[in-house]
Amino acid sequence: AIGRFAHEAESWDELSIPEVNRRKAALHANLAGRATTKVLIPLLPNLRPNLVIRARVDAMRSATLLAAYVCRFRLDRGAWPARLTDAVPPNTTMIVHDPYTGVEFGYRIVNEKPILYSLNDDGIDDGGVPGEWGRPGTDVVLFQIGRPKN
């Protein structure tokens, strides 16, 4: 069981946080009642913070690349792209998917300026309402032209 647990946890590196949570719950249910549960279950919460940090860094890296594509689109065409997929080169549309949520990044034009954001832990598009990672009812704004200084 420990070998299967280690193999399962290794494969979580490339998953979105909601998918990690689903797999963790399924693994917990599968191991419930087994002797190994006392050893393995305490390890599960320790994996999540590392996976969350990695997914957030990956989201910020992807958003930086997307922001460059969005700005390049503006320079080339004189207008912001209507959709993220309009800004990226052909065959690179995967980068519009947020590694943190597993769905497409949020993107809006507000007051003629683009906002690129992650849908946050809840996976709900709150229209780019700025917030912090893990705060429900908000999105994490990763790129915004003319962003107000705090």
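Details of the structure are given in the entry above.
Residues numbered from 1 in each chain as written. Predicted model: local features only at pLDDT ≥ 70, side-chain atom pairs only at ≥ 80, totals over all residues. Heavy atoms only, no water.

(A) Spotlight on the overall build of the protein chain. A count of helices and strands for the protein chain gives five helices and three strands. Mapped from its N terminus to its C terminus, the protein chain presents α and β elements in the order α-α-α-α-α-β-β-β. Relative to its full complement of 150 residues, the protein chain shows a buried share of 33%. Counted over contacts in the protein chain with a minimum sequence separation of 6, partners at least 24 positions apart contribute 44%. As displayed, the protein chain offers around 9000 Å² of accessible surface, 55% of which is attributable to carbon and sulfur atoms. (Helix = DSSP H or I, 4+ residues; strand = E, 2+ residues; numbered from the N terminus. Buried < 20%, exposed > 50% of the residue type's maximum accessible area, 1.4 Å probe, protein only. Contact = heavy atoms within 4.5 Å. Areas by Shrake-Rupley, 256 points an atom, 1.4 Å probe, with all protein chains shown as cover.)

(B) Spotlight on a nonpolar patch on the surface. Residues Ile53, Val57 and Met60 make up a contiguous nonpolar surface patch of roughly 260 Å² in combined accessible area. Mapping Val57 onto the fold places it in helix α4 (residues 44-77). (Patch = residues over 30% accessible without salt bridge, like charges linked within 9 Å, V, L, I, M, F, W, Y side chains within 5 Å. Salt bridge = Lys/Arg side-chain N within 4 Å of Asp/Glu carboxyl O.)

(C) Broad picture of the pairing of strand β1 (residues 106-110). Relative to strand β2 (residues 113-118), β1 runs antiparallel, the two being bridged by five bridges. Counted as the bridge partner of Ile109 is Pro114 from β2. From the end of β1 to the start of β2, which pair antiparallel, there are two residues, and Asn111 there has a positive phi angle of about 55°. (Pairing = 2+ DSSP bridges.)

(D) Here's a closer look at the nonpolar core. Counting 19 residues, the largest nonpolar core has Leu66, Val70, Leu84, Phe105 and Leu116 as its most contacted members. Elements that contribute at least two residues to this core include exactly α4 and α5 (84-87). Examining the composition of this core, we find that eight residues originate from one element, α4, more than from any other. Contact partners of Leu116, with chain neighbours within four places excluded, come to Ala63, Leu66, Ala67, Leu84, Phe105, Gly106, Val140, Val141, Leu142 and Phe143. (Core = buried A, V, L, I, M, F, W, Y, C linked by side-chain atoms within 4.5 Å.)

(E) Main features of the sheet that holds β1. Pairing in this open sheet of three strands is antiparallel, and the strands run β1-β2-β3 from one edge to the other. Edge positions in the sheet fall to β1 and β3 (140-144), since each of these pairs with one other strand and no more. Recorded for the sheet is a direction-independent mean angle of 30° between the axes of neighbouring strands. Judged from the four bridges that link them, β2 and β3 form a sheet pairing that is antiparallel. By the bridge assignment for β3, Ile115 is matched with Gln144. (Axes fitted to C-alpha atoms, helices over the stretch in contact; angles between N-to-C directions.)

(F) Quick look at unusual backbone geometry. In this structure, Asn111 is a non-glycine residue whose phi angle is positive, near 55°. Examined against the element boundaries, Asn111 turns out to sit in the loop between β1 and β2. Positive phi outside glycine occurs at Glu112, with the angle close to 65°. By relative accessible area, Glu112 is classed as exposed at 69%.

(G) Spatial organisation of the environment of Thr138. Inspection of the secondary structure assignment puts Thr138 in the loop between β2 and β3. The exposure class assigned to Thr138 is buried, which follows from its relative accessible area of 4%. Along the sequence, Thr138 and Asp122 sit 16 residues apart, while their C-alpha atoms lie 8.8 Å from each other. With residues near it in sequence (within four places) discarded, Thr138 still touches Leu119, Asn120, Asp126, Val129, Pro130, Gly131 and Glu132. Within the structure, Thr138 has its side chain in polar contact with the side chain of Asn120 (distance 3.4 Å). At 2.7 Å, the side chain of Thr138 and the backbone oxygen of Arg135 are in polar contact. (Polar contact = N/O pair within 3.5 Å; in protein donor to acceptor, adjacent residues only side chain to side chain.)

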